[in-house]
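# Fold and geometry: a report
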Amino acid sequence: MVGLGLALLLNLGQAASIPVAGDRPPALAQIHNAGGTIAPPDTLVQQGREAYQTGQFAQAVTLWQQAAAAYQAQPDSLNQALVFSYLASAYQQLGAWTDAREAIATSFNLLHQQQIPSNPRVPAQQRWVWAQALNTQGSLQFAQGNAAQALESWQQAATIYGQLDDATRRNGSLLNQAQAQQSLGLYLQARRTLTEVERSLQDQPDPSMKAMGLQALANVLRTVGALEESQRLLQESLAIAEPFNSTAILSTVLLSAGNTAQAQGDTAAALDFYQRSGAIAPSPLTQLQAQLNQLGVLMQTGQWTEAQSLLPPITDQIQTLPLSRDTVYATINFAQHLTKMGDRPQSSVPANASSFYPQAAQLLAATVQQTRQLGDPRAEAYALGHLGQVYEKTRQWEDARTLTQEALLMAQSINAADVAYQWQWQLGRILQAQNRREASLVAYRAAFDTLQSIRRDLVATSTDLQFSFRESVEPVYREYVDLLLRRSPDDAQPSPTSPDDLKTARDVIEALQVAELDNFFRTACLDEQRIAIDQVNQANTAVIYPIILRDRLEILLSLPQQPIRQYTSPVSEETITTTVNQLREQLARPLTSQEGQQLGQQIYDWLIHPLLTDLEASETRTLVFVLDGALRTVPMATLYDGDRYLIEQYSLALAPGLQLLSPQPLSQIQLKVLAAGLTEERSGFSALVNVESELNAIQTQLPSQILLNEAFTSSALQSQIDALPFPIVHLATHGQFSSRSDATFILAWDRPINVTELSSLLRTSDDTRLTPIELLVLSACETAAGDTRATLGLAGIAIQAGARSTLASLWALNDESAARFISQFYSELTDASISKAEALQRAQVALLRDPNYRSPLFWAPYVLIGNWL
């Protein structure tokens, strides 16, 4: 390993904690100091703005503090209030939350000495300052997790800007509102807000302002997951900007277009946008950002030679940039890329790969010094932690631990939890590598607890450094569980995992399930009062938690009134994924294959066979799976014991987590169905000729309201749900479940309804409906093939819609078997003595035993998610 040595760190002591952030302030009124030796306050304010906009926040604080004192001496309380709102923004950027709160409180105290801004006779400048303070206050509130308060502040600011006919700043407040609404789960409101911004921008007469406004809107849409809309607006922005040949605007729009293309998985388009942006950017910083993003795409796609050719120009560019936070973060980003290049096998990287770690360390050591010059503890915590990561990579454990602990202390000193969890996690890895298991568990527990405290804040992409849930969040949970469940190999007979560790492992996996859904929807979506599965008092039910780890499959089994049991199958993640993918291919065939049964038996042997003795002893009849990874992509019903399918032995259900929405049996409810479907070709999707038979079959079983073809519009569906509290909603139409929320939808006659909109639509009558939807049925839908997280869309619809249960198909069937299955299912559902899971089991087995439909293709795709009672 390459030795780096702590000498590179150049006096790494503690830096003082300093101030941070919000909206970038507009121009101030010119007010001159009468003949003092220091610069007049308007000059100080302008210098502070320039420092702020170049990321020199500590310098901005110093300048604005001087300006505030000068305005106080004049006295000029209005401009003093404005400067304190700027100070609050700068303190926020530096992580000095107490100073930020005090500054904004001072700003409002000074403003309250003026007249209330809602009075239209109040001078415009006074109302404008009030709006600025409200915008800053909203930024502080949102950054600290108070989305509802932030929304109220930004709404007030937008109202004042509207009164002042300041469309640009009003749009900025509206964009802020949309992000707060998204965070609160108010999807329809967020969509209306964004639509209002787009309409306003269409009326913008200045083409450059319009292009930049559309770009800003597109960036927000990308953040909330609306990637196709983001792409559309960026194309419009490019069409406006290109004729004017403004390279400053065009280069940043191209950069945004590359970011959206990359989020869509279109790496070729992203690479093209980044190359075009870097080629024309007049700003060295924009050019550097484009090159760094280009480097990331080249590395992601394995183009290592091309990636290495970018290293010299990026290095040169970094050395010529003026000192600022943006420069610091760009350097950290570059160092991360170098570290990843050092991680690659030597065969895939050119010969001088051994230099990557030292080069990254040298850059980061210099960056630590730069952060101290800036007085920016948040940036310093990032730089120190990533320097510790390089030492971790080179197995210099003590140096790595020292640096990581220093970075962690600094992040904690400014309450930067989103930074702190990364170094707590890193410390856990380092301690584990040093065989200090108990200390490692403490560090992992701290990282887990920190993540739980900030899960609302992790729904959007980080603007500081490239943020990936799969790389930066999910591994924390999995590695913690791995450590909890790994039995000591030291003894001939490994000691069993303690009951406390088993319970903790199960809770951590539950938290991962929730975090994945939060990430899918870009919002915290499991905040309602729910009941833990363990508290659902139903005998003969077992809950199974398969946990896929790199080198093994861990299975936790929860039986009523019994401690959690642990089983281990020594099969790798790679083998599980390969087997599951092969089984999914076999299930798509219309005839039962021996190979498919053998694959199903292999998974059965890993997952079910170790549990059989305990399942039989407890007389289990229902299995509830909390599935993980690739196992989500195949129906558990198709697991095979060599003689029978699992569905022939047990009724089955899936749970997206360990909690259910107030579960209760259907027998307590008068059943009525709102059924909607399409039989004709729409929006490029084929006709579903058997849907009418399916809906007719429902009508024969239960009282129903039917919306067919042109009657099934998005507005008609919402009107029906608003009008009557239907316990069952049945949608027989094309749908797609994907790991991307913007690619998850169901098709109505007039248009596709995105998952977030559908969820909001199904919940619109919650205020008047005493109970949630008992059962949401989605037939003729399918999950994206090969997408291990696609069922997040399926589970997400159920959770966000507030449905107790969802019955859905993992693949689409336009066949008589689908209509027959649905008819059988509803017939069984009318039997008050059985559960939903049992009704599903009976319907599936009836199809399985019909010689025409023996293949799993016909009976297997249907899964029950949520409440199985």
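A separate point is the overall build of the chain. When helices and strands are tallied, the chain shows 34 helices and 15 strands. When burial is assessed residue by residue, the chain has 58% of its 869 residues classed as buried. In the structure as shown, the chain presents an accessible area of about 33700 Å², 48% of it carried by carbon and sulfur atoms.

A separate point is the pairing of strand β9 (residues 704–708). By the bridge criterion, five bridges tie strand β8 (residues 673–677) to β9 in an arrangement that is parallel. In the strand pairing of β9, Ala676 is matched with Leu707. Between the parallel elements β8 and β9, the chain passes through helix α28 (residues 691–701) in a crossover that is right-handed.

Moving on to the pattern of salt bridges. Oppositely charged side chains can pair when the atoms bearing their charge come close. Here the structure, examined in full by the defined rule, presents 34 salt bridges. In this structure, Glu242 engages Arg276 in a salt bridge whose closest nitrogen and oxygen atoms are separated by 3.4 Å. Of this pair, Glu242 sits in helix α10 (residues 227–244) while Arg276 sits in helix α12 (residues 267–280); the two residues are 34 residues apart in sequence, bridging distant segments of the chain. Owing to a relative accessible area of 39%, Glu242 belongs among the partly exposed residues under this scheme. Since its relative accessible area comes to 32%, Arg276 is described here as partly exposed. Arg325 is the partner of Asp376 in a salt bridge, and the nearest nitrogen-oxygen pair spans 2.8 Å. Here Arg325 lies in helix α16 (residues 325–343) and Asp376 lies in the loop between α17 (356–374) and α18 (377–393), a separation of 51 residues in the sequence. Each member of the pair Asp376 and Arg325 is classed as buried. Within this structure, Asp482, Arg486, Asp551, Arg552 and Glu554 form a network of salt bridges that share partners.

Here the focus is the environment of Val691. Position of Val691 relative to the elements: it lies in helix α28. When the C-alpha atoms of Val691 and Ser779 are compared, they prove to be 9.2 Å apart, with 88 residues separating the residues in sequence. Setting aside its immediate chain neighbours within four residues, Val691 contacts Gly677, Leu678, Thr679 and Ala732.

Of the consecutive residues Gln74 and Pro75, the connecting peptide bond is found in the cis state with omega at -15°. Checked against the element boundaries, Pro75 lands in the loop between α2 (57–73) and α3 (77–94). With phi around 55°, Gln561 is a residue other than glycine that occupies positive phi space. Relative to the elements of secondary structure, Gln561 occurs in the loop between β3 (553–558) and β4 (565–569). The phi dihedral of Glu619 falls on the positive side, at around 55°, and the residue is not glycine. Mapped onto the elements of the fold, Glu619 is located in the loop between α27 (612–617) and β5 (622–625). Judged by its relative accessible area of 56%, Glu619 is exposed.

Calculation notes
Residues numbered from 1 in each chain as written. Predicted model: local features only at pLDDT ≥ 70, side-chain atom pairs only at ≥ 80, totals over all residues. Heavy atoms only, no water. Helix = DSSP H or I, 4+ residues; strand = E, 2+ residues; numbered from the N terminus. Buried < 20%, exposed > 50% of the residue type's maximum accessible area, 1.4 Å probe, protein only. Areas by Shrake-Rupley, 256 points an atom, 1.4 Å probe, with all protein chains shown as cover. Pairing = 2+ DSSP bridges. Right-handed = clockwise from strand over helix to strand, strands pointing away. Salt bridge = Lys/Arg side-chain N within 4 Å of Asp/Glu carboxyl O. Contact = heavy atoms within 4.5 Å.

The values reported here are purely geometric and, on their own, carry no functional implication.
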